[in-house]
Amino acid sequence: MISTIHFRCPCCHGSQYRTSIFDVSEKNPHGAKCIFCKSSMTTLDHLIVPNQAAMQAVHQQA
């Protein structure tokens, strides 16, 4: 199974980023920064988990 991480910029909503060990922090554990506005990127985990739960509920009802 391949695990991928999707990042989104909270400021400009861009999805292009660069990573650096110098940008790693507690709030940015992957060290990903937006290439446009230099904001720390966020993951889409908060969207993926509810979607997976909703999909499982649909499959269980079928």
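Conventions and cut-offs
Residues numbered from 1 in each chain as written. Predicted model: local features only at pLDDT ≥ 70, side-chain atom pairs only at ≥ 80, totals over all residues. Heavy atoms only, no water. pLDDT = per-residue confidence, 0-100. Helix = DSSP H or I, 4+ residues; strand = E, 2+ residues; numbered from the N terminus. Buried < 20%, exposed > 50% of the residue type's maximum accessible area, 1.4 Å probe, protein only. Contact = heavy atoms within 4.5 Å. Core = buried A, V, L, I, M, F, W, Y, C linked by side-chain atoms within 4.5 Å. Patch = residues over 30% accessible without salt bridge, like charges linked within 9 Å, V, L, I, M, F, W, Y side chains within 5 Å. Areas by Shrake-Rupley, 256 points an atom, 1.4 Å probe, with all protein chains shown as cover. Salt bridge = Lys/Arg side-chain N within 4 Å of Asp/Glu carboxyl O.

Q: Honestly, the confidence of the model for the protein chain in this entry has me stumped. Any pointers?
A: The predicted structure's coordinates, where accompanied by low pLDDT, should not be read in detail. Averaged over all residues, the pLDDT of the protein chain is 82; the fraction at 70 or higher stands at 71%. At the low end of the mean pLDDT range in the protein chain sits helix α1 (residues 45-61), at 59; at the high end sits strand β3 (residues 32-34), at 96.

Q: Got a minute to help me understand the side chain of asparagine 28 in this structure?
A: Secondary-structure assignment places asparagine 28 in the loop between β2 (17-19) and β3. Judged by relative accessible area, asparagine 28 falls into the buried class, the value being 2%. When near neighbours in sequence (up to four residues on either side) are disregarded, asparagine 28 contacts Asp23, Ser40 and Met41.

Q: Which parts of the structure should I look at to understand the nonpolar core?
A: Nonpolar side chains in soluble globular proteins tend to end up buried together. Core analysis: the largest hydrophobic core is formed by five residues, namely Phe7, Cys9, Ala32, Cys34 and Met41. Discounting residues that sit within four places of it in the chain, cysteine 34 has contacts with Cys9, Cys12, Gln16, Tyr17, Ser39 and Met41.

Q: Got a minute to help me understand a nonpolar patch on the surface in this structure?
A: Taken together, the side chains of Ile21, Phe22 and Val24 define a hydrophobic patch exposed on the protein surface, amounting to about 390 Å² of accessible area. Its place among the elements puts valine 24 in the loop between β2 and β3. Assessed through its relative accessible area of 45%, valine 24 is described here as partly exposed.

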